[in-house]
Amino acid sequence: MSIEIIGYGLAQAEKRVTNHDLAKTVDTNDAWIQERTGINQRYFSMTKNTSDLASEAAMMAIQDAKIDPKTIDLILVATITPDGMMPSTASLVQAKCGLNAQKCLSYDINAACTGFVVAMQNAQAMLESGFVSNALIIGAETLSKILDFKDRTTSVLFGDGAGAIIMRKSSSNQMRHYTRSEGDINGVLTSDGLALNPDMKFEHLSSHYLRMQGQAVFRFAVKAIEDVIVNLLIQTKLEINQIDWIVPHQANRRIIEYVANKMNIDLSKFYLNLDQYGNTSSASIPIALSEMKTKGILKEGMRVICIGFGAGLTWGGSYFES
Ligand code: ACO
């Protein structure tokens, strides 16, 4: 069975923070960030939580798809920064957007920066099985909630935002996925949750800050991207020159340049907007897709590979025809 994407949307967080702005509070500088990452600025959310950004992106995707919102029967939100432990951010989106109470299933997916790809794969399975007919898939993050601004090695890399797509069955457009994970026993990329409370006191603080071993992540990321491209080309029986766009998770420009060079793929085939947004984890791929659609460079019939990689460790990709 075939699947098509019929709508795209995004939401930017309110506050634009340049590298120069960040350097006023973090021990860093614009030249270092630009040279090591390619990031110029990011957006931080001041008042909107993850479900608010997700809802904005969702409404834009629904309008773009020109469908009756009542026909949406699946809402998936990929996030590592939900509003709370429960209800799910997807359930909050359902309420905030007034979507189909009682006829819709909503839940979150946490596969870190691979979350959006995993959500697309989940949605495809649900659509193909006939359980649902119109799926709203969102990647949304307020990573500023888990940044330690005393840690310059992580706080300069990330930003907030959301992106969304609408997926449904199609008569012709192909969609394929390749997803993998490997238990990270070395704590390469982590954000801790609530502490256990064995003595039933109320003093237990958790350290939810994002921690990362940068060079280990870099080495993992370049292998993961290559693995995804090779495997999706095998699945689709296509050559790389038949792919119009590669939309990678927007983590670091040097990671993409390294892979492009190693695999002899023209860098211009990779869509990059991390200079504007920084790394928005689960949101980076759908933000990029929505931006491409608005710019008119994601044209009908184009062949696209999206690639996610991140904590877990998880990695994976989606091939689709626009
Ligand atoms: N500003 C200024 N100096 C800094 C900063 C900063 N923000 N951060 C580190 N430095 C300094 C270090 O203290 C060190 O100084 P020293 O040589 O005096 O000790 C020097 O810069 C080099 O530090 P490294 O950590 O070795 O820098 P590296 O070249 O490895 O670059 C980076 C760090 C950019 C994080 C790199 O390792 C990287 O890109 N890793 C991949 C990270 C990534 O993409 N993560 C996200 C993917 S997964 C996900 O999305 C959740």
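Residues numbered from 1 in each chain as written. Predicted model: local features only at pLDDT ≥ 70, side-chain atom pairs only at ≥ 80, totals over all residues. Heavy atoms only, no water.

Trainee: Hey, could you go over the overall build of the protein for me, with residue numbers and the actual values?
Mentor: Of the regular secondary structure elements, the protein holds 10 helices and 13 strands. In terms of C-alpha radius of gyration, the protein reaches 19 Å, essentially the compact-globule figure of 20 Å for 322 residues. C-alpha extents for the protein along the principal axes are approximately 55 × 50 × 35 Å. Sequence-distant contacts, at least 24 apart, represent 76% of the contacts inside the protein between residues at least 6 apart. Summing over all exposed atoms, the protein offers an accessible surface of approximately 14,500 Å²; the carbon and sulfur share of this is 51%. (Helix = DSSP H or I, 4+ residues; strand = E, 2+ residues; numbered from the N terminus. Rg over C-alpha atoms; globule rule 2.2 N^0.38 Å. Contact = heavy atoms within 4.5 Å. Areas by Shrake-Rupley, 256 points an atom, 1.4 Å probe, with all protein chains shown as cover.)

Trainee: Please give an account of a nonpolar patch on the surface that cites residues and values.
Mentor: Side chains of Met85, Met86 and Leu194 sit close together on the surface and give an oily, nonpolar patch of about 460 Å² of accessible area. Mapping methionine 86 onto the fold places it in the loop between β4 (74–78) and α4 (89–96). (Patch = residues over 30% accessible without salt bridge, like charges linked within 9 Å, V, L, I, M, F, W, Y side chains within 5 Å. Salt bridge = Lys/Arg side-chain N within 4 Å of Asp/Glu carboxyl O.)

Trainee: Residues and numbers for the environment of lysine 48, please.
Mentor: Take lysine 48: it is sitting in the loop between β3 (41–44) and α3 (50–65). Taking the C-alpha atoms as reference points, lysine 48 and glutamate 14, separated by 34 residues in sequence, lie 8.2 Å from one another. Separated by 2.8 Å, the side chains of lysine 48 and glutamate 56 make a polar contact. (Polar contact = N/O pair within 3.5 Å; in protein donor to acceptor, adjacent residues only side chain to side chain.)

Trainee: Tell me about the nonpolar core, residues and numbers included.
Mentor: Ile225, Ile255, Ile307 and Phe309 are the most contacted members of the largest nonpolar core, which totals 45 residues. Secondary-structure elements contributing two or more residues to this core are α7 (214–236), α8 (253–263), β12 (303–310) and β13 (314–321). Per element, the largest residue contribution to this core is 10 residues, and it comes from α7. Sequence-distant contacts of isoleucine 225, that is, excluding residues within four places in its chain, are made with Ile255, Ile256, Val259, Ile307 and Phe309. Among the nonpolar cores identified, the runner-up in size contains 34 residues, and Phe116, Met126, Ile137 and Met167 belong to it. (Core = buried A, V, L, I, M, F, W, Y, C linked by side-chain atoms within 4.5 Å. Buried < 20%, exposed > 50% of the residue type's maximum accessible area, 1.4 Å probe, protein only.)

Trainee: Give me the layout of surface pockets: which residues, what numbers.
Mentor: One number sums up the size of the largest pocket: a volume of about 1,100 Å³. Sorting elements by how many residues they give to the lining of the largest pocket places α7 first, with four residues. Grouping the constituent residues of the lining of the largest pocket by class yields 21 nonpolar, 18 polar and four charged. In this model, the second largest pocket occupies a volume close to 210 Å³. Taken together, 13 residues make up the lining of the second largest pocket; nearest its centre are Glu182, Ala216, Phe220, Lys223 and Leu313. In terms of residue count, α7 provides more of the lining of the second largest pocket than any other element does, five residues in total. Of the residues belonging to the lining of the second largest pocket, the class tally is seven nonpolar, two polar and four charged. (1 Å grid on protein atoms, 1.4 Å probe; cavity = no way out; pocket = protein on both sides within 12 Å on 5 of 7 lines; lining within 4 Å. Points joined across faces, edges and corners; volume = space filled by probe spheres on them. Nonpolar A, V, L, I, M, F, W, Y, C, P; charged D, E, K, R; others polar.)

Trainee: Lay out the environment of asparagine 197 with the relevant residues and their values.
Mentor: Residue position: asparagine 197 is located in the loop between β9 (189–191) and β10 (210–212). Given a relative accessible area of 34%, asparagine 197 falls into the partly exposed group.

Trainee: Would you mind going over helix α10 (residues 284–295) in detail, with residue names and values included?
Mentor: The end-to-end C-alpha distance of α10 is 16 Å, a good match for the 16 Å that 12 residues give at a rise of 1.5 Å each. Here α10 lies mainly inside the structure; nine of its 12 residues are buried. Turning to α10, its buried residues number three or more, namely Ser284, Ile285, Pro286, Ile287, Ala288, Leu289, Ser290, Glu291 and Met292. Two residues or fewer past α10, glycine 296 is found with a positive phi of approximately 80°. (Expected span 1.5 Å × (residues − 1).)

Trainee: Can you break down the sheet that holds strand β1 (residues 2–12) residue by residue, with the values?
Mentor: The five strands are arranged β1-β7-β6-β4-β5 in an open sheet whose pairing can be described as mixed. Unpaired on one side and paired on the other, β1 and β5 (105–109) mark the two borders of the sheet. With strand direction ignored, the average angle separating the axes of adjacent strands in the sheet is 20°. Relative to strand β7 (residues 160–170), strand β6 (residues 134–142) is paired through nine bridges, and the arrangement is antiparallel. Following the sheet pairing, isoleucine 137 is matched in β7 by isoleucine 165. On top of the sheet, α3 reaches β1, β6 and β7; it is set at about 130° to β1, its chief contact. (Pairing = 2+ DSSP bridges. Axes fitted to C-alpha atoms, helices over the stretch in contact; angles between N-to-C directions.)

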